[in-house]
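An overview of the molecular structure
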2 protein chains.
Amino acid sequence: VNLRTLELTISYDGTRLVGWQRQAEGESVQGLLEEALAHLEGAPVTVHGAGRTDAGVHALAQVASVQLTCEHPPEVLQRALNASLPWDVRVVNVREADAAFHARFSARAKTYRYVLCNGPFVSPFEHRYVWHVREPLDLDAMQAAAQTLVGTHDFAAFCSSGSTPATTVRTIVRSSMTTRAGSALLLPPGAPGAVQAGRVDESTLLVYEVIGNGFLRHMVRAIVGTLVDIGRGRHPPAWMAALLEDGRRSDAGATAPAQGLFLVRVDYY
Amino acid sequence: VNLRTLELTISYDGTRLVGWQRQAEGESVQGLLEEALAHLEGAPVTVHGAGRTDAGVHALAQVASVQLTCEHPPEVLQRALNASLPWDVRVVNVREADAAFHARFSARAKTYRYVLCNGPFVSPFEHRYVWHVREPLDLDAMQAAAQTLVGTHDFAAFCSSGSTPATTVRTIVRSSMTTRAGSALLLPPGAPGAVQAGRVDESTLLVYEVIGNGFLRHMVRAIVGTLVDIGRGRHPPAWMAALLEDGRRSDAGATAPAQGLFLVRVDYY
């Protein structure tokens, strides 16, 4: 039998899912994919994901690897998988990969995005995909603190207390907070149908984007909880550097809710 | 008692709603607003909407008028309404209006948008807001047919057979079909986190936008069903003009599904 290695790219709305990893109860992305693939392969299969996203976390382009013997071309596999998966999990690409390819171990960098809605209300079209923070946030302070994270640091203060990794040192190559007008998801920019200025109280979306060689459990959400504490003025931007210096998890901000987090992209060697 | 007239702007995700209008069963936008306002007013109130959107149809900026005696400032009313409404209905603005203002009768023009997803799969983030058409569509033919509708015409071929309006003549000032890359709702254009070219099979979103002085029951959805028949090559673009000339409802295309339709904007004199 010829074993082939495939790379799957998967997009999912995590709202009702228990996360990437198969659990005793509930639907996981890994479980749904393994079930659909086993049906095509005629035997149990194991799918490896680049990032083990938690319950409620979304993915624009999670990457997974799988080894199969079945001979369907990639586009047939993609169509068959999408026909059996629920609508909130879509296989957006399938391609042949080197035998050595492993979605997690071959990954060079991952991009995560966290979306905050800062204003009096959340658009119904963004409700599932943001953390709503009503109080005004100081974007400059948050951006200054976010910049501090770039480089190689010990992220122990941002590592879930239940987790015991070999090392808590990670390298971050981008860490940036930007802003854009809310209520805009379905409005092509500059479209004549954009809601009238003055007729709508816009909320502002704050988008935190971080790229790194690896992330600890809950690391992005702990960073965002800390950035929001800084944005609220509870701590100065320099607090972030102090936490990197010698912080414990209990010193940093709370873990931000899962629903604002997206795994955006995985880069490979 | 001083009666004041208020203009409310409302955004809603119509997925689970029975539409704008109050029904015997299920939650309607009108019903939810009237209930929340009656609580503030201490008496029953009637809310008039600019457009009676059907079950499943969304609104970015529906407009409603209401007369109240209660003296809360507009921003207090907005906050109180949003605190009691479900997340899928948001009051995005409240302002004082002239006593003569009526959301429906004072309306000068309405803008509707219909979103088609044309490709092998639908992004989980767009699933609730598009009609998925798998077969390739001829955008040029659809755009040519869409243009035909601009002007004052008898739209009898696009009027729901259960409806008996005084006249089926309406004036359309814009009718246009444009395209944009799909899977892009949550991606700021040009962002470094945009999913890698080549790693994702993009679906294409086709966006139909129409502005007119008024619309018959199911008119936009009947137009879209007809445009899709033309895009599939079942009829030439000139079919649209022939339907305007002397079409009956049974001659035109089927009514497109509600979930792709958005009331985008209402203009007033």
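Coordinates for the structure precede this section.
These numbers were taken from a predicted model, which means no experiment stands behind them.

Focus on the environment of A:H48
Tracing the chain through its elements places A:H48 in strand β2 (residues 47-49). Residues in contact with A:H48, not counting those within four places in the same chain, are A:W20, A:V63, A:A64, A:S65, A:H102 and A:A103.

Quick notes on helix α2 (residues 74-84) of chain B
Residue and element names in this part refer to chain B. When α2 is considered as a whole, its buried residues turn out to be P74, L77, Q78, L81 and N82. Within α2, the buried residues cover an arc of 125 degrees as seen down the axis, which keeps them to one side. Opposite the packed face of α2, turned more than 90 degrees from it, sit the exposed residues R79 and A83. Contacts made by the buried residues of α2 are with β1 (4-12), α1 (29-41), β3 (58-68) and β4 (89-97).

Quick notes on the pairing of strand β3 (residues 58-68) of chain A
Residue and element names in this part refer to chain A. Most of β3 sits inside the fold, with 10 of its 11 residues counted as buried. With eight bridges connecting them, strand β1 (residues 4-12) and β3 associate as antiparallel partners. Paired with I10 across the strands is Q62, a residue of β3. The pairing of β2 with β3 spans three bridges and is classified as antiparallel. In the sheet register, G49 faces β3, and the bridge partner there is A64. Sheet analysis places β3 next to strand β10 (residues 261-268), joined by two bridges and oriented parallel. Among the inter-strand pairings, H58 is bridged to a residue of β10, identified as F262.

A look at the packing of aromatic side chains
Given two aromatic rings, one states the distance between the centres and the angle between the planes to describe the pair. For the coordinates displayed, the defined rule picks out 14 aromatic pairs over all chains. Look at A:F125 and B:F262: their rings are 5.6 Å apart centre to centre, the planes differ by 55 degrees, and that puts the pair in the tilted class. A residue pair is termed interchain when its members come from two chains, as with A:F125 in the loop between β5 (107-118) and β6 (131-133) and B:F262 in strand β10 (residues 261-268). One aromatic cluster is present, formed by A:F125, B:Y129 and B:F262 through successive ring pairs.

Let's talk about unusual backbone geometry
Positioned with a positive phi, A:H218 is a non-glycine residue whose angle comes to about 65 degrees. Position of A:H218 relative to the elements: it lies in the loop between β9 (204-212) and α4 (219-231).

So, the side chain of B:E41
All names here are of chain B. Tracing the chain through its elements places E41 in helix α1. Of the buried charged residues, E41 lacks a salt bridge, with R4 as the closest side chain of opposite charge at 6.9 Å. At 3.0 Å, the side chain of E41 and the backbone nitrogen of C70 are in polar contact. Filtering out sequence-adjacent residues up to four positions away, E41 remains in contact with L68, T69 and C70.

Brief notes about the pattern of salt bridges
All names here are of chain A. According to the stated counting rule, one finds 28 salt bridges over all chains in the structure shown. The partner of D54 in a salt bridge is R221, with the nearest N and O atoms 3.3 Å apart. Here the residue D54 occupies a position in the loop between β2 and β3, and R221 occupies one in helix α4, the gap between them amounting to 167 residues. In this structure, D54 and R221 share a single accessibility class: buried.

Quick word on the packing of helix α1 (residues 29-41) of chain A against helix α2 (residues 74-84) of chain A
In a packed pair of helices, the relevant descriptors are the angle between the two axes and the axis-to-axis distance. Residues and elements named next belong to chain A. Where α1 meets α2, the axes come as close as 10 Å, and the angle between the chain directions of the two elements is 125 degrees. As judged from the angle between their axes, α1 and α2 are oblique. Our pair here, α1 against α2, has a crossing hand that is right-handed. Between α1 and α2, the residues in contact are A36, L37 and L40 and L77, A80, L81 and S84, respectively. When grouped by side-chain class, the residues that make up the contact of α1 with α2 number six nonpolar, one polar and no charged.

Brief notes about the side chain of B:S176
Looking at the element boundaries, B:S176 is found in strand β8 (residues 169-181). With sequence-adjacent residues up to four places away left out, B:S176 is seen in contact with B:Q143, B:A146, B:Q147, B:V207, B:Y208 and B:E209.

Things to note about the packing of α4(A) against helix α5 (residues 239-246) of chain A
Residue and element names in this part refer to chain A. Axis separation between α4 and α5 bottoms out at 10 Å; the angle between their running directions is 140 degrees. Judged on the interaxial angle alone, α5 and α4 are oblique. Within the contact between the two elements, α4 uses I223, T226, L227, D229 and I230 and α5 uses W239, M240 and L243. Of the residues belonging to the contact of α4 with α5, the class tally is six nonpolar, one polar and one charged.

A few points about the environment of A:S11
Tracing the backbone through its elements, the reader meets A:S11 in strand β1. What A:S11 contacts, discounting residues up to four positions off in sequence, is A:A59, A:L60, A:D88, A:V89, A:R90, A:V92, B:P124 and B:F125. Only 3.3 Å separates the side chain of A:S11 from the backbone oxygen of A:A59, close enough to count as a polar contact. Of the polar contacts made by the side chain of A:S11, one reaches the backbone oxygen of A:L60; its length is 3.4 Å.

Each value, and the rule that gives it
Residues numbered from 1 in each chain as written. Chains lettered and ligands numbered in written order. Predicted model: local features only at pLDDT ≥ 70, side-chain atom pairs only at ≥ 80, totals over all residues. Heavy atoms only, no water. Helix = DSSP H or I, 4+ residues; strand = E, 2+ residues; numbered from the N terminus. Contact = heavy atoms within 4.5 Å. Buried < 20%, exposed > 50% of the residue type's maximum accessible area, 1.4 Å probe, protein only. Arc of directions from axis to C-beta. Pairing = 2+ DSSP bridges. Phe/Tyr/Trp six-rings, centres within 6.5 Å; stacked < 30°, edge-to-face > 60°. Lys, Arg positive; Asp, Glu negative; His and termini not counted. Salt bridge = Lys/Arg side-chain N within 4 Å of Asp/Glu carboxyl O. Polar contact = N/O pair within 3.5 Å; in protein donor to acceptor, adjacent residues only side chain to side chain. Axes fitted to C-alpha atoms, helices over the stretch in contact; angles between N-to-C directions. Parallel < 35°, antiparallel > 145°, perpendicular 65-115°, else oblique. Left-handed = near helix turned anticlockwise from the far one by under 90°. Nonpolar A, V, L, I, M, F, W, Y, C, P; charged D, E, K, R; others polar.

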